[in-house]
Each structure stands twice: as C-alpha cells, then as structure tokens.
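# Fold and contact review
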Amino acid sequence: MSALILVMGDQLSFDIPALKAGNKQNDIVLLAELREEAGYVRHHKKKIAFLFSAMRHFAEALRTAGWQVDYIKLTDKDNTHSFTSEAERALRRHQLDKIITTHPSEYRVLQNITHWREQADFSVDILEDDRFYSSIDAFAEWAEGRKQLRMEFFYRELRRQTDILMQGGAPIGRQWNYDSDNRKPPDKSVPVPAPTRFAPDAITKEVCQLVETEFADHYGDLYPFSFATTHAQAEEVLQQFITERLVNFGSYQDAMRTGEPFMFHSHIGFYLNCGLLSPTQAVEAAHTAYHRGDAPLHSVEGFIRQILGWREFVRGLYWLKMPAYREMNFLEADRPLPDFFWDCQTEMNCLHQCFSETRKYAYAHHIQRLMVIGNFSLLAGLSPAAVNDWYLSVYADAYEWVELPNVTGMVLFADGGILASKPYAAGSAYIDRMSDYCANCRYSPKEKTGDRACPFGYLYWDFLGRQEEKLRGNPRLGMIYRSLDKMSAEKKQQISVQSQAFLDSITPS
Ligand code: FAD
Ligand code: DLZ
Ligand code: SF4
C-alpha cells in the first residue's frame with residue numbers, strides 16, 4: 001500500500017525513519033512551508049530563510065535520489081498552512097489513506113498528529129526519531145526512581161554505552177569532565193578564525209526575497225545571509241570547526257569578546273537540530289581528532305559533553321516533563337520583557353553586545369545566552385513564558401525541546417531544581433572576568449552604589465533577598481546567604497531601593 005511520508009522542517013535527514021520505512025517507487029514525500037510553523041512564535045527572519053532554503057534543497061536532493069516529492073511553497077495558492085490540513089489535502093490529492101511520519105521534536109506537534117490517529121479516516125505511523133544517542137524511553141528508564149536528574153551522571157552512562165573517550169571501562173585521562181579547564185578569559189592574542197560562510201545560491205536568494213516580503217514584521221536582520229543550507233555545506237562547517245577551532249574550544253568555551261560572536265564554538269546547532277548534520281557525525285569527528293592528536297582532551301571532552309551530555313539530557317528531560325514543564329514558574333517571576341530584548345537599546349554594554357549579535361546573526365554562544373541574557377532575566381524576575389518565547393524566536397537553532405529546558409531549567413530555575421542544582425545567578429564579576437564588555441560600559445563592575453554601579457551587582461543581592469524563602473534552604477547557596485546575613489540593614493535597604501528603581505525603569509508601561 002502506498003503512503004504519504006510527512007517530513008517536517010527539522011527532519012531533513014536522508015536516514016530519517018519515515019524515509020527508511022518508505023518506498024521510493026510508490027510513496028509520496030510531503031514537505032510544506034507553513035505559516036503556523038513560521039509564526040507560532042515570530043521567528044527571526046534568518047531562521048525562516050535558513051529552514052525554507054534547507055527544506056527546498058533537501059526536496060531537490062530527494063528527487064535526485066529518486067523520490068517523488070510534493071513540495072508546498074509558502075505562497076502556493078491553496079496552502080492551508082498547518083501540518084494537519086496540508087497532510088489531509090495531500091492524501092486527497094494523491095488518493096492515499098496512510099501517513100508515515102517521524103516522531104516530531106515538539107510536544108505541540110505531537111499532540112496534533114496524535115489526534116489524527118483518533119479522529120481521521122486514514123492510518124498514521126509515527127516512528128521513533130532515532131537520530132539521538134538515547135531514546136525517550138531509555139531516558140525515562142534512567143530517570144525512574146532517581147531523586148535528582150543530573151546531566152553529569154546521564155552523560156557518564158552514555159560514555160560507557162558508546163565507549164566514547166573510554167579506555168578499559170574508565171574515562172580516558174581518568175577524569176570524566178574537564179569543565180574546570182574550560183574557563184579561560186578572552187585573550188586577544190589568540191586569533192579567532194573566520195566562521196565558514198556560504199554565498200546564497202539561486203534557491204536561497206529566492207527564499208530570502210520571500211521572507212523579506214512575507215515576514216517583514218518579524219524580528220532580526222535577514223542580510224547578510226551565509227548559513228549552510230545543504231548536507232555537504234553543513235559537513236564543511238563541521239570539518240572547519242574540527243581543523244581550526246576545536247583545539248581552542250575547551251579553553252575559551254566561556255569567553256566573550258566584543259566583535260567576535262562566534263569565538264571558538266562550532267556553530268553547528270542549526271544543522272544538528274534540523275537534520276543537516278547528525279550528532280554521531282559531530283561526536284565522531286571530534287573523537288577522531290583527539291585520537292589523531294589534533295586537539296587536546298579538555299577541548300574534545302568539552303565539545304563531546306555538550307552533544308552527548310547536554311543535548312541528549314535536555315531532550316530526555318523535555319519529553320519526561322512535558323506538558324507541565326512549560327507552565328513551571330517556581331520563583332513566581334512575572335515581569336514583562338523589557339523592550340531592549342528586541343531593540344537592543346540599553347546602556348548595559350554586555351546586554352547591548354549580546355542582543356545586537358543575536359539580532360544580526362540569529363546566534364549567540366552559550367555563555368552569552370546563559371550568563372549575560374539569561375542571568376539578567378533571572379535576576380530581573382522576568383516571566384518564564386515571555387523569556388521562553390523570546391529565546392525560541394530569536395535563535396536559528398531554537399526548537400522547544402532544547403530551548404525550554406535551557407531557559408526554564410538552566411537559566412530561570414523555574415523548574416525548582418529539576419535540571420540544575422542551583423540557579424546560575426551571578427553578579428558583575430563573572431562578566432568582567434570572562435569578557436571585555438565592561439571596559440566600554442557606562443557602568444562599572446567595581447562600583448557598588450551610585451549612578452555608575454553595575455546593575456548586575458545590586459540585582460544579584462536583591463534577587464537573593466527577594467527569593468530568600470525559596471532559595472535559602474538550597475545547600476549550594478548556604479555560603480552566599482551567610483554573606484547576605486552579614487550585610488548591614490542599611491546596605492540591604494540601599495540595594496533594594498536601587499534595584500527597584502532600575503527594574504521600574506526597564507519595565508514596559
Ligand atoms: P557549541 O558551543 O559549539 O556546542 C556544540 C553543540 O553542543 C551545540 O551545537 C549543541 O547542539 C550542543 N549543546 C551545547 N550546549 C547545549 C545545551 N545547553 N543544551 C543542548 N545542547 C547543547 N541550543 C539549541 O540547540 N537550541 C536552543 O534553542 C538553545 N537555547 C538555549 C537557551 C539558553 C538560555 C541557553 C543557556 C542555551 C541554549 N542552547 C540551545 C544551548 C547552547 O547555547 C547552544 O546549543 C549553542 O550555543 C549553539 O551554538 P554552537 O552550535 O556554536 O554550540
Ligand atoms: C521552525 C519551522 C519553521 C519556521 N517553518 C517550518 C515550515 O514551514 N514547515 C515545517 O515543516 N517546519 C517548519 N519549522 C520546523 C517545525 O516547527 C518543526 O518541524 C516542528 O516544531 C517539529 O515538531
Ligand atoms: Fe555588563 Fe555591568 Fe559590565 Fe556593564 S559593567 S558590561 S552592565 S557587567
């Protein structure tokens with residue numbers, strides 16, 4: 001029996017299970033550009049252009065490989081703009097009554113297609129997405145009965161299972177984790193290689209024009225556009241990372257430099273998350289580089305930990321905790337997003353740099369997301385729903401399964417400690433140490449009071465004071481609360497007044 005094979009925009013892998021289960025001779029592959037997907041949050045223009053171009057290139061590649069592909073463009077006359085109605089329309093068009101698809105990456109979409117099974121007069125096969133090291137069920141099994149879910153232990157389990165960076169059953173170097181070697185401050189004498197960029201081809205140019213007209217009111221700079229949009233180009237990005245950046249990835253993983261948004265990071269999240277690259281390709285490339293002697297252990301382990309550890313862990317956690325996870329707000333934060341998240345107009349230079357780079361590139365590296373924008377969101381008590389929507393829309397690698405645990409769990413502690421053992425809260429000293437931003441800021445990280453005092457300084461203590469009831473019992477915060485206890489009442493009052501004035505000034509009316 002012939003089937004309709006539905007391939008979603010983040011399933012652009014030749015070995016996606018729905019294609020593996022299909023039959024080139026009889027089946028029809030459906031890919032569709034949909035307003036529902038491009039607009040459920042108002043995605044960055046670069047993200048939409050990237051994904052549409054990658055989808056169109058993938059459709060071409062499938063045709064070349066002998067598949068019959070039905071590709072629905074955004075402006076096609078009868079496009080109904082949702083997975084459900086486009087799948088139904090395609091079934092009618094091709095007179096089919098069976099759909100094969102792969103487990104969607106987002107809960108929202110899984111809910112929709114699960115309803116098809118209940119209501120529709122066609123059959124639906126939803127195949128497990130096997131492009132991860134761990135299955136959703138395997139994670140749930142690992143999590144079962146554990147008091148705490150910590151990435152480090154899951155990661156060790158996967159290291160053992162995959163034999164990656166292992167020797168005789170023990171971690172190579174006799175240490176699982178080299179995190180402490182991953183914290184060098186920025187060093188201008190170490191040149192950062194230029195990122196791999198691609199000139200737009202005819203398909204990408206057409207898509208950019210489409211995005212320019214159809215999504216003119218979306219956030220972000222569309223041009224210059226230089227993303228990889230094919231598997232071969234994404235592989236080039238990975239290879240260039242391995243040969244030029246991996247060696248320094250470990251040492252400078254947390255460092256931030258003005259004008260260097262890409263640092264020694266890999267910039268492959270966009271491609272991993274939509275299927276142009278696989279996690280095994282990335283992990284094995286780094287593993288091989290280590291065994292060839294091309295990169296030090298702390299860099300290779302640090303990189304592999306991000307993919308084999310964090311990426312797998314957050315996916316498992318997402319599926320274990322949804323849909324409740326999306327509603328969590330342990331700290332009862334409710335402040336709306338300041339306008340400068342969108343227009344970048346803030347005198348806090350660290351935020352200004354990170355917001356400007358985000359708007360320009362649809363990218364910011366992990367520490368910018370976590371310790372600058374995220375830390376600010378936590379200390380300012382911004383609403384988790386608003387912060388999640390922002391992160392989901394502005395980064396070209398953002399999909400809810402990976403964005404939500406990072407924001408709700410890692411950044412906002414809104415899950416009350418399911419993902420992290422304590423909030424990643426920090427004052428200005430961290431940013432001063434790990435970046436060159438403070439040197440050009442109107443504020444000073446050294447000033448604690450007065451007009452030039454860095455807001456991170458007083459917001460940090462104000463946050464701990466405001467959240468005392470919920471956080472004091474956390475054993476990892478004991479020392480910090482003891483410092484707060486030693487602070488004079490007058491100083492506490494000063495911090496509170498200054499924080500309130502600052503927070504009032506950034507809250508949209
Ligand atoms: P590198 O630093 O080179 O790391 C290599 C790869 O490891 C990444 O491509 C990614 O696949 C994986 N990785 C690294 N850190 C994480 C992590 N914390 N969780 C999951 N995977 C990780 N990553 C996304 O892919 N999509 C998101 O929507 C996303 N949102 C984030 C939001 C916040 C608040 C924070 C703190 C982190 C978020 N991350 C997200 C994780 C991380 O910041 C990005 O994966 C990374 O910056 C992508 O850039 P890169 O490819 O150069 O990564
Ligand atoms: C992110 C995204 C965007 C912007 N547009 C589309 C689209 O037009 N068609 C499509 O199939 N997928 C798109 N995506 C990715 C989907 O949002 C993603 O595949 C689902 O969230 C998976 O659950
Ligand atoms: Fe950011 Fe404060 Fe440094 Fe300015 S002084 S860049 S606000 S940390």
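Keep in mind that what you see is a predicted model, and the values were worked out from it rather than measured.

### Brief notes about the pairing of strand β3 (residues 68-72)
Of all five residues that make up β3, four are buried, and the element is covered over most of its length. Of the pairings in the sheet, the one linking strand β2 (residues 28-32) to β3 comprises five bridges and is parallel in character. In the strand pairing of β3, L31 is matched with Y71.

### Here we look at the packing of helix α16 (residues 366-379) against helix α17 (residues 384-394)
It is the contact of α16 with α17, at a shortest axis distance of 11 Å, that shows an interaxial angle of 150 degrees. In this view, α16 runs roughly antiparallel relative to α17, as classed from their interaxial angle. Between α16 and α17 lies a crossing of right-handed hand. Facing R369, I373, G374 and S377 of α16, the residues of α17 in contact are V387, W390 and Y391. A per-class count over the contact of α16 with α17 returns four nonpolar, two polar and one charged.

### A few points about the sheet that holds strand β4 (residues 98-102)
In space, the five strands of this open sheet follow the order β3-β2-β1-β4-β5, with parallel pairing throughout. Edge strands, defined here as strands with exactly one partner in the open sheet, are β3 and β5 (123-127). Averaged over all pairs of adjacent strands, the angle between their axes in this sheet comes to 25 degrees, without regard to strand direction.

### Here's the deal with the side chain of S499
Summarising the element assignment, S499 is placed in helix α23 (residues 489-506). Using a relative accessible area of 0% as the deciding quantity, one classes S499 as buried. In contact with S499, not counting residues within four places along its chain, are Y458, L459 and D462.

### Comments concerning the site of ligand 1
Inspection of the region around ligand 1 gives 30 residues, with H265, S266, H267, N273 and Y363 positioned closest. H267 places a main-chain nitrogen or oxygen 2.7 Å from an oxygen atom of ligand 1. D397 is positioned such that a nitrogen or oxygen atom in its backbone is 3.0 Å from a nitrogen atom of ligand 1. Considering ligand 1 on its own, with 800 Å² of exposed area, one finds that the protein chains cover 99% of that surface. Secondary-structure elements contributing two or more residues to the shell around ligand 1 are α10 (269-274), α12 (297-321), α16 and α18 (400-411). Looking at the shell around ligand 1 residue by residue, the class counts come to 17 nonpolar, nine polar and four charged. Counting the residues that make up the shell around ligand 1, at least three belong to each of domain 2 (136-193 + 245-321) and domain 3 (340-506).

### A short note on the side chain of S82
Assignment of secondary structure puts S82 in the loop between β3 and α4 (83-94). One polar contact links S82 to S85, side chain to side chain, over a distance of 2.8 Å. Once residues within four sequence positions are removed from consideration, S82 is found in contact with L34 and E36.

### Re the domain arrangement of the protein
Partitioning the protein into domains gives domain 1 (4-127), domain 2 (136-193 + 245-321) and domain 3 (340-506). Each of domain 1 and domain 2 was reduced to a C-alpha centroid, and the two centroids are 31 Å apart. At the interface, 14 residues of domain 1 touch nine residues of domain 2. If you look at where domain 1 meets domain 2, you find three residue pairs in polar contact (both at pLDDT 80 or more). Those elements that place two or more of their residues in the side of domain 1 that touches domain 2 are α3 (45-64) and α5 (107-119).

### Here's the deal with a negative patch on the surface
A contiguous patch of negative charge on the surface is contributed by E128, D137, E141 and E144. Among the structural elements, D137 can be located in helix α6 (residues 136-143).

### Some points on the pairing of β4
With five of five residues buried, β4 is to be regarded as a mostly interior element. Neither face of β4 is open: one carries K98, I100 and T102, the other I99 and T101, and all of them are buried. Pairing of strand β1 (residues 4-6) with β4, which is carried by three bridges, proceeds in the parallel orientation. Residue pairing in the sheet places L4 in a bridge with I99 of β4. Where β4 meets β5, five bridges bridge the pair, whose relative direction is parallel. For I99, the partnering residue across the bridge sits in β5 and is V124.

Thresholds, definitions, all that
- Each chain carries its own residue numbering, running from 1 in the direction its sequence is written.
- The lettering of chains begins at A and the numbering of ligands begins at 1, in the order of writing.
- Owing to the predicted nature of the model, reporting of local features is limited to residues with pLDDT of at least 70; listing and counting of side-chain atom pairs is limited to 80 or more, with chain, interface and lining totals taken over all residues.
- Note that the side-chain values use all heavy atoms of the structure and ignore hydrogens as well as water.
- Classification of residues uses two cut-offs on accessible area relative to the type maximum, computed with a 1.4 Å probe and protein chains only: under 20% is buried, over 50% is exposed, and between them is partly exposed.
- The secondary structure listing takes helices from DSSP runs of H or I that are at least 4 residues long and strands from runs of E that are at least 2 residues long, numbered from the N terminus.
- For two strands to be treated as a pair, DSSP must find no fewer than two bridges joining them.
- Helix axes use the C-alpha atoms of the stretch in contact, all axes being lines fitted to C-alpha atoms, and the angles between their N-to-C directions lie in the range 0 to 180 degrees.
- Here the angle decides the label: under 35 degrees means roughly parallel, over 145 means roughly antiparallel, 65 to 115 means roughly perpendicular, and every other value means oblique.
- Crossing handedness: left-handed means the near helix sits turned counterclockwise from the far one by under a right angle, and right-handed means the same turn made clockwise.
- Whether two residues are in contact is decided by their heavy atoms, any of which lying within 4.5 Å being enough.
- For this classification, the nonpolar set comprises Ala, Val, Leu, Ile, Met, Phe, Trp, Tyr, Cys and Pro, the charged set comprises Asp, Glu, Lys and Arg, and every other residue, Gly included, is treated as polar.
- Note on terminology: near, applied to a residue and a molecule or strand, indicates that one of the residue's heavy atoms is within 4 Å of it.
- Pairs of N or O atoms are called polar contacts if they sit within 3.5 Å, as long as, within protein, a hydrogen donor faces a hydrogen acceptor (for residues adjacent in sequence, only side-chain-to-side-chain pairs).
- Per-residue and other accessible areas were derived by the Shrake-Rupley procedure at a 1.4 Å probe size, with only the shown protein chains allowed to occlude residues.
- Each domain's extent was defined by an automatic or database domain assignment.
- Note that patches include only residues with greater than 30% relative accessible area and no salt bridge, and the join distances are 9 Å for like charges and 5 Å for nonpolar side chains (Val, Leu, Ile, Met, Phe, Trp, Tyr).
- Any carboxyl oxygen of Asp or Glu that lies within 4 Å of a side-chain nitrogen of Lys or Arg is treated as forming a salt bridge with it.
- Charged-residue counts in this description rest on Lys and Arg as positive and Asp and Glu as negative, His and the chain ends being excluded.
- Every charge is mapped onto a representative atom, which is NZ of Lys, CZ of Arg, CG of Asp or CD of Glu.

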